[in-house]
Amino acid sequence: MINSKLPKIWYGGDYNPDQWDKSFWDEDIRMFKLAGIDVATLNVFAWAKNQRDEDTYQFDWLDEMMDKLHAAGIGVCLATSTAAVPAWMARKYPDVLQVDFHGNKRKFGGRHNFCPNSPTYRTYAPRMAEKLAERYKDHPALLIWHINNEYGGAGNCYCDNCEAAFREWLKKRYGTIDEVNRAWNTAFWGHTFYDWEDIVLPSGRSEEWYGANGRTETNFQGISLDYCRFQSDSILECYLLEYEAVKKHTPDIPVTTNLMGAFKKLDYHKWAKHMDIVSWDNYPRFDTPYSYTAMMHDLMRGLKEGQPFMLMEQTPSQQNWQPYNSLKRPGVMRLWSYQAVARGADTVMFFQLRRSIGACEKYHGAVIEHVGHEHTRVFRECAQLGAELGKLGDSLLDSRIQSKVAILFDWENWWAIEMSSGPTIDLKYVNEVYRFYDALYRAGIPADVISVEADLSAYDLVIAPVLYMVKPGIADKLERYVEAGGAFITTYFSGIVDQNDLVKIGGYPGELRKLLGIWAEEIDALLPSQRNKIILQDSAITGKNEYSCGMLCDLIHSEGAEVKAVYGEDFYRGMPALTVNRFGSGEAWYLATHAEEAFLQDWLPKLCASRGIHPLLPSLPAGIEATLRTKDGTDYLFVLNHNEHPVEVNLGGLSGTNLLTGQTLAGARAELVGRDLWILKLNH
């Protein structure tokens, strides 16, 4: 569990008493208790209140609130307050302020408003963290440290400090300027560097520009790719400075920082290695597919190889920063909270506990609305959820999800694909991963979303959509996995480049060629209005003979792989579109084109069945989600109904007791009310 002081699913969220007069505090705590809230996140943006100048620290307000919460039986997730620098620091030490993509020096304002390579920031941020750790190390309310907040939210910095630090980062990575030139292929366009000082940051003033589809385009992918790595590492170093500062005084208190799902800027796989527990902020739109939110939960769970995570933030009602900020309909907040728990969360927490009265988040939802009392729909729903989580106790804590399918997700691969100068601007990495995930979700087949570095031995099927970049050792690892009996799937535009975005010569898919038993001669990029067809050689693979395809079509030749489908149109009609290569005791599949969703939804469940991988429940109706958490030999089946209307669910002969109601469910079918769920402790 996260902290033995609170052995249950934590319930609470961000609370900002520093924004309120003390006359509100006792009433807030009274309402927290009514709602079943047992954790409050404090001090997230209070640096300006805590430190008025270089040497003056004042924590009286925080002392008082920590004591009040503890007296009420509420624990504290204590943030270090370093996500926004105070005005005095920006005025006296301008090196803390960022320089933007076009070379403009930012002024004080916004949040995340610091340069990660600022000597000033790297001095004062860990000093603040250490002051807090020294002061509260023995406070009984302290449950966990929350470092900074949503790192990376303000974009990259392009200041002189970053440029100097980038050169030092390159020296450590490459050793010599000649190796940099080789890795970046600087012979192209006569870009050869003679001295480290020749290297400038890739920005709107040098190699990059803002292009179509919101992408950042670049003349030199190697330079820009390394700058992505460098910025992620630089911000991680800031986190580690604070992590070490609090651990020095509280070695047994866990430390986290809130991540943001598929947030492109930071390589969360690298970050997770330095987090005691992963936490993240979940803000789907009103029309976000439920399966996409599920994939984000699974991505966060996969960062630490299945360890339960924290849902650090969600809104109780509505958001404020999207174009259309719809209310969560009755039951939706509760349902989405349990979706997080169903997929590995051991907390349900909100931003925020009381609505702000001014600035850009005054219309962001909260447990306590502007009216200031408990007689609201939102508060009643929050109180119901709080009571249920209290009833669940520790039954689900530390339980795990056991999947036989893994989907590989790689941040550096994402960066490289979407800064590539071709073959199509429509290729979006997260979308490609999601298409495979969604097909499995609809079939009720659980999948872990994991790093390319993770152990694959526990999985019967591994899927790597658009594995464009093949890092050192990955091809050998995949060969060993398949040779030992595993099944592997990858797709078009895979095996193209190495870790420096340099093409592997000798024919696509490069280092994967032996494993896949094919080679790709050309890659056709179709316009959005253009389509081709996949013609199956054996309809048993999917149950149909023909599907539509488009966007990208690899023109491949078999080198031992069995051809399972061919193209139906254009000059490459009859060339392979789907192949499988028997390799050792396993098999490696190559899907050469962007097939319509129906193909994946038909193919993947049948392929899983051939590997002995079956849905948790048979024939899941649309809008029904099923997951399984296991603890100490006991299985807990979550069944969630995302529909407004009741749905009859086939339990497939399973039976168990609903932990939320005490009702026993048994037999083949049962009706699940709209926007409701079961948590069934299964009988065996």
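Figured I'd write up the structure that's included with this text. What you see is a predicted model, and the numbers here were worked out from it, not measured in a lab.

Among all residues except glycine, the phi angle is most often negative; among peptide bonds, the trans geometry is most common. That bond from Gly422 to Pro423 is cis: its omega, 0 degrees, falls within 30 degrees of zero. You can see Pro423 is positioned in the loop between helix H13 (411-418) and helix H14 (429-443). A cis amide bond, omega 5 degrees, links Tyr508 with the succeeding residue Pro509. Of note, Pro509 is situated in the loop between strand E15 (487-491) and helix H16 (513-516). Although it is not a glycine, Val466 sits at a positive phi angle of roughly 50 degrees.

This paragraph deals with H14. Each full turn of the α-helix corresponds to 3.6 residues, which orients residues three or four apart in the same direction. In this model, H14 (15 residues) spans 22 Å end to end at C-alpha, consistent with the 21 Å of a helix rising 1.5 Å per residue. Buried residues dominate H14, accounting for 13 of its 15 residues. One or two positions beyond H14, positive phi appears at Gly444, with a value near 75 degrees.

With that settled, the discussion passes to the packing of helix H10 (residues 290-302) against helix H11 (residues 332-342). The geometry of H10 relative to H11 is characterised by a closest axis approach of 9 Å and an angle of 40 degrees between their N-to-C directions. In terms of axis orientation, H10 runs oblique to H11. Classified by chirality, the crossing of H11 by H10 is right-handed. Between H10, through Tyr290, Thr293, Ala294 and His297, and H11, the contact on the second element is made entirely by Trp336, Gln339 and Ala340.

This brings us to the pairing of strand E1 (residues 10-14). Counted residue by residue, E1 has five buried out of five residues, so it is predominantly covered. One ladder, built from four bridges, connects E1 with strand E11 (residues 345-350); its direction is parallel. By the bridge assignment for E11, Gly12 is matched with Met349. The pairing of E1 with strand E2 (residues 39-42) spans three bridges and is classified as parallel. Each residue of the ladder has a partner; that of Gly12, found in E2, is Val39.

What follows is about the sheet that holds strand E3 (residues 75-79). An order of E7-E4-E3-E2-E1-E11-E10-E9-E8 is seen for the nine strands of this open sheet, with the pairing classed as parallel. Only two strands of the sheet have a single partner each, and these edge strands are strand E7 (255-256) and strand E8 (258-259). Lying over the sheet, H11 contacts strand E10 (309-313) and E11, oriented at roughly 145 degrees with respect to E11. Docked against the sheet, helix H12 (residues 377-392) engages E1 and E11, running at close to 140 degrees with respect to E1.

This part covers the pattern of salt bridges. Applying the stated criterion across every chain yields a total of 46 salt bridges. Asp63 is the salt-bridge partner of Arg135, the closest N and O atoms lying 2.7 Å from each other. Taken together, the positions of Arg135 in helix H5 (residues 119-136) and Asp63 in helix H3 (residues 60-71) put the pair 72 residues apart, joining distant regions of the chain. In this structure, the salt-bridge partner of Glu150 is Arg111, at a minimum N-O distance of 3.0 Å. Placement of the pair is Glu150 in the loop between strand E4 (142-146) and helix H6 (160-174) and Arg111 in the loop between helix H4 (87-92) and H5, with a sequence separation of 39 residues. Judged by relative accessible area, Arg111 falls into the partly exposed class, the value being 34%. Each of Arg173, Asp226, Arg229, Asp410, Glu412 and Lys471 takes part in a single network of salt bridges with overlapping partners.

Turning our eyes to something else, we now look at the sheet that holds strand E27 (residues 664-665). Pairing is antiparallel across the open sheet formed by five strands, whose spatial order is E23-E24-E29-E26-E27. Each edge of the sheet is formed by a strand with only one pairing partner; in this case those strands are strand E23 (624-631) and E27. Where strand E24 (residues 634-641) meets strand E29 (residues 677-682), five bridges bridge the pair, whose relative direction is antiparallel. Paired with Leu637 across the bridge in E29 is Leu680. Its contacts with the sheet put H11 on E23, E24 and E29, and the angle it makes with E24 is roughly 145 degrees.

Reading the values: the criteria
- Residues numbered from 1 in each chain as written.
- Predicted model: local features only at pLDDT ≥ 70, side-chain atom pairs only at ≥ 80, totals over all residues.
- Heavy atoms only, no water.
- Helix = DSSP H or I, 4+ residues; strand = E, 2+ residues; numbered from the N terminus.
- Expected span 1.5 Å × (residues − 1).
- Buried < 20%, exposed > 50% of the residue type's maximum accessible area, 1.4 Å probe, protein only.
- Axes fitted to C-alpha atoms, helices over the stretch in contact; angles between N-to-C directions.
- Parallel < 35°, antiparallel > 145°, perpendicular 65-115°, else oblique.
- Left-handed = near helix turned anticlockwise from the far one by under 90°.
- Contact = heavy atoms within 4.5 Å.
- Pairing = 2+ DSSP bridges.
- Salt bridge = Lys/Arg side-chain N within 4 Å of Asp/Glu carboxyl O.

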